[in-house]
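# Descriptive structure summary
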Amino acid sequence: MTTVFDFELPKGYVDSTGAVHRRGKMRLATAGDEISATRDPRVLSNPSYLTIVVLASVITELEGVEAIVPNIIERFFTADLAFLQDMYQRINNIEPPTMTVVCPDCGKVFETPVNFTQEG
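Each helix and strand counted, the chain has 5 helices and 5 strands in total. The helix and strand sequence of the chain, counted from the amino end, reads β-β-α-α-α-β-α-α-β-β. Its C-alpha atoms give the chain a radius of gyration of 18 Å, more than 25% over the compact-globule value 14 Å for 120 residues. Overall, the C-alpha framework of the chain stretches about 60 × 30 × 30 Å when taken along its three principal axes. For the chain, buried positions account for 28% of its 120 residues. In the chain, of all internal contacts separated by at least 6 residues, the share reaching a separation of at least 24 is 50%. Here the chain has roughly 8,100 Å² of accessible surface; of this, 54% comes from carbon and sulfur atoms.

With that settled, consider helix α3 (residues 50-58). Those residues of α3 that sit buried are Ile52, Val53, Val54, Leu55, Ala56 and Val58. Check the buried side of α3 and you find it contacts β2 (20-27), α1 (31-39), α2 (41-45), β3 (59-62), α4 (70-74) and α5 (78-91).

Definitions and cut-offs
- Along each chain, residues carry numbers from 1 onward, in the same order as the chain's sequence is written.
- pLDDT decides what is reported in this predicted model: residues at 70 or higher carry local features, side-chain atom pairs at 80 or more are listed and counted, and totals for whole chains, interfaces and linings draw on all residues regardless.
- Working from all heavy atoms in the structure, the side-chain values ignore hydrogens and water.
- Under the DSSP-based scheme used, a helix requires at least four consecutive residues in state H or I and a strand at least two consecutive residues in state E, with every element numbered from the N terminus.
- In this description the radius of gyration comes from C-alpha coordinates, and the expected globular size is given by 2.2 Å times residues to the power 0.38.
- Only protein chains enter the calculation, and the probe is 1.4 Å; a residue is then buried if its accessible area is under 20% of its type maximum, exposed if over 50%, and partly exposed in between.
- Every residue pair with non-hydrogen atoms within 4.5 Å of one another is taken to be in contact.
- For accessible areas, the Shrake-Rupley method is used with a probe of radius 1.4 Å. Any residue's cover is judged against the shown protein chains and nothing else.

In structure tokens:
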């Protein structure tokens, strides 16, 4: 079973010297990764920070970068962050939840995604 996956960032992380880092490795997430991330004080004060903390846990390597920590992930371009979020979902087989619904007008049965964060 493959547990570590190579990636190449679309834009690349630009460090303080101006060097661009693109190639890296991401491992499969564990339940502990997600549980410990939800306890992080930065996540408790800003739930949007969860992605940053989790990615810092599962990215095991980024060429030329000594340690992957949340403040490194914060400095990724949004295109790279989106790429990594998508990769995380794909390699961990995270499927959005769906539910079976029936159209009240025509009676057609179909699957629709469930969005737990949508308001009203």
